[in-house]
Amino acid sequence: MSEANSSHATELTSQYIAQVTGDLEHNSKEQERIGHEIEALQEQLHALQHDHTVLVNMQQALGSANPAEADTATTPSVPHQTSAEPKQIKPKKAAATSAKKTTPKKPAAKVSSAKASTEATKPTLVELIRGHLEQESEPRSAAEITTALTQAHPDRSVKTTVVRTTLEGLVAKSHAHRTKQGSSVFYTTAATSEPAAAEPQQEAVAG
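So, here is what we can say about the structure in this document. Quick caveat: nothing in here was measured; it's all calculated off a predicted structure.

**Side note on the overall build of the protein chain**
Move 1: Per the secondary structure count, the protein chain includes 8 helices and 2 strands.
Move 2: In sequence order, the protein chain lays out its α and β elements as α-α-α-α-α-α-α-β-β-α.
Move 3: The proportion of buried residues among the 207 residues of the protein chain is 24%.
Move 4: Considering only contacts within the protein chain whose residues lie at least 6 apart along the sequence, 56% involve residues at least 24 apart.
Move 5: Put simply, the protein chain shows about 14,200 Å² of open surface, and 56% of that area lies on carbon and sulfur atoms.

Below is the structure:
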């Protein structure tokens, strides 16, 4: 009886060990997957912040109705909620700042142009991927794009998983196309009006 109980206990222990090992492996894979997703989301957040800065600069260059609003629009670089509150208060102070409308316009233009130049020197991963796809005439896989970006920008840490997630984000926004050949997935740039939209942006910042 004791031998039977001992063998049964040993069998249960082996099953528990196998289950725990499998759970640990699954847990590790989930941590790695979520970590890659967080990195991709951070890249997308940086891209959105960069787009926000460019749009603010374009708004200033095209001529804002109230320069005091343009000054406050350059300061918040993160959430839109914080930038929306001061804009509602500004019209009340418009009368008090009307005497200063002529002076703050030139310094604001200098600050915005300097900010735009510093941002332009640090392209985001989304911009690098889109630029690479526009230069390529044939579909490229995520691994090929990662290799090319790593060679072109050795100072940056480019991971295939992050590149693939970013590419899927571009496909969702119709900024890129995805094609499947066998078990491999390839990406190409979308034939949109993106270059045409970039021209007035450059003219606005330059102006």
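**Observations concerning the pattern of salt bridges**
Side chains that carry opposite charge are capable of pairing whenever their charged atoms lie near each other.
Move 1: Within this structure, the stated rule accounts for 6 salt bridges.
Move 2: A salt bridge links Arg33 to Glu37, with the nearest nitrogen and oxygen atoms 2.7 Å apart. Highlighted residues: Arg33 and Glu37, both in helix H1 (residues 2–62), separated by 4 residues, approximately one helical turn.
Move 3: If you follow the salt bridges from partner to partner, you end up with Glu30, Arg33 and Glu37 in one network.

**Comments concerning the environment of His132**
Move 1: Along the chain, His132 falls in helix H5 (residues 125–135).
Move 2: Residue class for His132 comes out buried when judged on its relative accessible area of 12%.
Move 3: Spatially, the C-alpha atoms of His132 and Ile145 are 7.5 Å apart, while their sequence positions differ by 13 residues.
Move 4: Ignoring anything within four residues of it in the chain, the contact list for His132 reads Ile145, Ala148 and Leu149.

**Here we look at helix H7 (residues 160–172)**
Move 1: The end-to-end C-alpha distance of H7 is 18 Å, a good match for the 18 Å that 13 residues give at a rise of 1.5 Å each.
Move 2: By the burial criterion, the buried members of H7 are Val162, Val163, Thr166, Leu167, Gly169, Leu170 and Val171.
Move 3: Ser174, located one to two residues past H7, shows a positive phi value of around 65°.

**Considering the nonpolar core**
Move 1: Core analysis: the biggest nonpolar cluster contains 18 residues, and Leu125, Ile129, Leu133, Ile145, Leu149, Val163 and Leu167 have the highest contact counts within it.
Move 2: Looking at this core, the elements that each hand over two or more residues are H1, H5, helix H6 (142–152) and H7.

**So, the pairing of strand S1 (residues 176–181)**
Move 1: Relative to strand S2 (residues 184–189), S1 runs antiparallel, the two being bridged by 6 bridges. Paired with His177 across the two strands is Thr188, which belongs to S2.
Move 2: Hairpin connection, S1 to S2: the antiparallel pair is bridged by 2 residues, and Gly182 has positive phi, about 70°.

**Focus: unusual backbone geometry**
Move 1: At Ser174, a position not held by glycine, the phi torsion is positive, near 65°.
Move 2: Among the secondary structure elements, Ser174 is positioned in the loop between H7 and S1.
Move 3: Of the residues examined, Ser174 reaches a relative accessible area of 46% and is grouped as partly exposed.

**As for H6**
Move 1: Three or more residues of H6 are buried, namely Ala142, Ile145, Thr146 and Leu149. The buried side chains of H6 occupy one side of the element, clustering within an arc of 100° when seen end-on.
Move 2: As for H6, its buried residues are in contact with H5, H7 and S2.

**Re the packing of H6 against H7**
Move 1: Between H6 and H7, whose axes approach to 9 Å, the crossing angle comes to 115°. The handedness of the crossing between H6 and H7 is right-handed. Here H6 contributes Ala142, Ala143, Ile145 and Thr146 to the contact with H7, which in turn contributes Thr160, Val163, Arg164 and Leu167.
Move 2: Its residues placed into classes, the contact of H6 with H7 shows 5 nonpolar, 2 polar and 1 charged.

Calculation criteria
Residues numbered from 1 in each chain as written. Predicted model: local features only at pLDDT ≥ 70, side-chain atom pairs only at ≥ 80, totals over all residues. Heavy atoms only, no water. Helix = DSSP H or I, 4+ residues; strand = E, 2+ residues; numbered from the N terminus. Buried < 20%, exposed > 50% of the residue type's maximum accessible area, 1.4 Å probe, protein only. Contact = heavy atoms within 4.5 Å. Areas by Shrake-Rupley, 256 points an atom, 1.4 Å probe, with all protein chains shown as cover. Salt bridge = Lys/Arg side-chain N within 4 Å of Asp/Glu carboxyl O. Expected span 1.5 Å × (residues − 1). Core = buried A, V, L, I, M, F, W, Y, C linked by side-chain atoms within 4.5 Å. Pairing = 2+ DSSP bridges. Arc of directions from axis to C-beta. Axes fitted to C-alpha atoms, helices over the stretch in contact; angles between N-to-C directions. Left-handed = near helix turned anticlockwise from the far one by under 90°. Nonpolar A, V, L, I, M, F, W, Y, C, P; charged D, E, K, R; others polar.

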